[in-house]
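Okay, here's what each chain looks like letter by letter:
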Amino acid sequence: MMTVFTASSLIGRLWRRAAAAGLGVALAAAGAAPAHAQLRVDISGVGATQYPIAIADFAGASSATSTPEVIRADLTRSGQFRLIGASGAGLDVQSQIDHGTWQARGADYLAYGTVAQNGSQYTVSYRLVDNVRKTELDQASYSGTEAEMRRIAHRIADRIYEKITGVRGVFSTRIAYVLQTGNGYELQIADADGQNPQVMLRSKQSIISPAWSPDGSRLAYVSFESGKSVIYVQTLATGQRQPIANYKGNNSAPAWSPDGQRMAIVLSRDGISQIYTINTDGSDLRRVMRSPLIDTEPRFTPDGQSLVFTSDRGGSPQIYKVPAGGGDAQRLTFSGSYNISPRVSPDGQQLVYVTRRNGAFRIASLALNSGTEQILTDGPDDQSPSYAPNGMQVLYSSIQNGRSVLAVTSIDGRVRQTLSVLNGKVREPAWGPFTD
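Owing to the predicted nature of the structure, the values given are computational and were not obtained by experimental measurement. (Residues numbered from 1 in each chain as written. Predicted model: local features only at pLDDT ≥ 70, side-chain atom pairs only at ≥ 80, totals over all residues. Heavy atoms only, no water.)

1. Some points on the confidence of the model for the protein chain
Chain-level pLDDT for the protein chain is 89 on average; 88% of the residues reach the 70-or-more range. Below a pLDDT of 50 lies the segment residues 1-23, which in the model reaches 58 contacts outside its immediate sequence neighbourhood of four places, other chains included. (pLDDT = per-residue confidence, 0-100. Contact = heavy atoms within 4.5 Å.)

2. Details of the packing of helix α2 (residues 66-78) against helix α4 (residues 149-165)
Contact pair α2 / α4: the axes reach a minimum separation of 8 Å and the direction vectors enclose 45 degrees. Between α2 and α4, the crossing angle belongs to the class labelled oblique. The chirality of how α2 crosses α4 is right-handed. Between α2 and α4, the residues in contact are T67, V70, I71, D74, L75 and S78 and M149, R150, A153, H154, I156, A157, I160 and Y161, respectively. Tallied by class, the residues present in the contact of α2 with α4 amount to 9 nonpolar, 3 polar and 2 charged. (Axes fitted to C-alpha atoms, helices over the stretch in contact; angles between N-to-C directions. Helix = DSSP H or I, 4+ residues; strand = E, 2+ residues; numbered from the N terminus. Parallel < 35°, antiparallel > 145°, perpendicular 65-115°, else oblique. Left-handed = near helix turned anticlockwise from the far one by under 90°. Nonpolar A, V, L, I, M, F, W, Y, C, P; charged D, E, K, R; others polar.)

3. As for the sheet that holds strand β25 (residues 339-344)
Strand order in the open sheet formed by 4 strands is β25-β26-β27-β28, with antiparallel pairing between adjacent strands. Only two strands of the sheet have a single neighbouring strand rather than two, namely β25 and β28 (373-375). Averaged over neighbouring strand pairs, the angle between their axes works out to 25 degrees when direction is ignored. Where β25 and strand β26 (residues 350-357) come together, 4 bridges link them in antiparallel fashion. Along β26, the bridge assignment pairs R343 with V352. (Pairing = 2+ DSSP bridges.)

4. With respect to the nonpolar core
I53, I71, L75, Y126, L128, I156 and I160 are the most contacted members of the largest nonpolar core, which totals 25 residues. Considering every element that reaches this core, the biggest residue donor is α4, with 8 residues. (Core = buried A, V, L, I, M, F, W, Y, C linked by side-chain atoms within 4.5 Å. Buried < 20%, exposed > 50% of the residue type's maximum accessible area, 1.4 Å probe, protein only.)

5. Side note on the packing of aromatic side chains
The full count for this structure, using the stated rule, is 7 aromatic pairs. Measuring from centroid to centroid gives 6.5 Å for Y51 and Y109, while their planes differ by 70 degrees, and the two rings are edge-to-face. In this pair, Y51 sits in strand β4 (residues 51-55) while Y109 sits in strand β7 (residues 109-118), placing the two residues 58 residues apart along the sequence. Overall, the relative accessible area of 22% leaves Y51 in the partly exposed class. (Phe/Tyr/Trp six-rings, centres within 6.5 Å; stacked < 30°, edge-to-face > 60°.)

6. Some words on the pairing of strand β30 (residues 393-400)
Among the 8 residues in β30, 7 count as buried, and that is most of the element. With 4 bridges joining them, strand β29 (residues 382-387) and β30 adopt antiparallel strand pairing. Its bridge partner being in β30, S386 is matched across the sheet by L395. Linkage of β29 to β30, two consecutive antiparallel strands, is achieved through a turn of 5 residues, within which G391 is found at a positive phi near 75 degrees. By the bridge criterion, 8 bridges tie β30 to strand β31 (residues 403-410) in an arrangement that is antiparallel. The residue of β31 that forms the bridge with Y396 is A407. Turn length for the β30-β31 hairpin, with the two strands adjacent in sequence and antiparallel, is 2 residues, and the turn residue N401 shows positive phi of about 55 degrees.

7. Quick look at the sheet that holds strand β22 (residues 306-311)
Sheet architecture is open: 4 strands sit in the order β21-β22-β23-β24, paired in antiparallel fashion. The open sheet is flanked by β21 (295-300) and β24 (330-331), the only strands paired with a single partner. Two strands pair when backbone bridges link them, and β21 and β22 are joined in this way by 4 bridges, in the antiparallel orientation. Residue pairing for β22: R299 is matched across the bridge by V308.

See below:
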């Protein structure tokens, strides 16, 4: 069972994890090192609205079959699309489409295309049509090597998702998480569907709290390799990193400001865990406020003007909001006696967090304007929620049937995905930003 903690024991949890592990750390080479296991994806539920779409096999190069397969899998995982069979369509990107025939087959939308090969380079051209309105919605071409074909397919799926739903797709984004194995800990990044995992850091000691920079080029995290908690920032392209906070006591819970210039962190340098802000080069440390009890898990709001955080200042762990420059804290959660790990939605309108209800730890959402709460998951041990950059899904860690997995729920709780790995415990997930 995953360790359960209260706000007043967060720092103790960090030290227990560190003590349980050995010493040693290894940085991955520039570009990251391949991981040994892919994540398996299981899907349940459907969205309130499903768009019927056919994704025809792409004509051309022999590897073309993988492109529509990835697109179909992406759209299916969203729970917002119903796939219509397109076998034997025989279409290429120049084909004239009989909209009435496809509409009669139940496909309101149709995507089709061609993959052309020139030496080691591939060019993928695609089109999307609306069969009801008998119009073309989109067309695009991408070029890349065979190794880049999967990412190209994710980009096409993003375009289809946005053209039909009006919301930007997240299939080409990445996630970060910590994998605990018998040999120690790995900080990994992977595609949003769990494929192509890469190791950024290996350590015999605990790694926790990965946090993406706003441009997706760096990760901040906490490592215990020196025998205590230290906050590092690592550049993904080069593998280079630097310590940002290595003060007396605990250094924990890094969170980036929206402009990427500062971070909110938690330090116990004065004996009790308190929230500070600091430049991303480690300079200009400022204390946000003074509290007689623990304040922790800060996160910037999207406008950068405020921080949400967890505190037991009211007698039990609850979520509060304070101006980023300091001031009076405002309590946000009132349902239940245990609410921690807040994350603000990209539009600033919602909050997700971990709540304890009837002995189970579940993910909840809160509408900040109305105060309406919704429980999104069933538990029994769901932790570390993280919004997709379009705000439509929430990634979290979970214990399901005794296994440690990553899971994704839609923001209405109707569609859920489980991303499981067979050779370790996976936890501390963070969904990366849009990068282009």
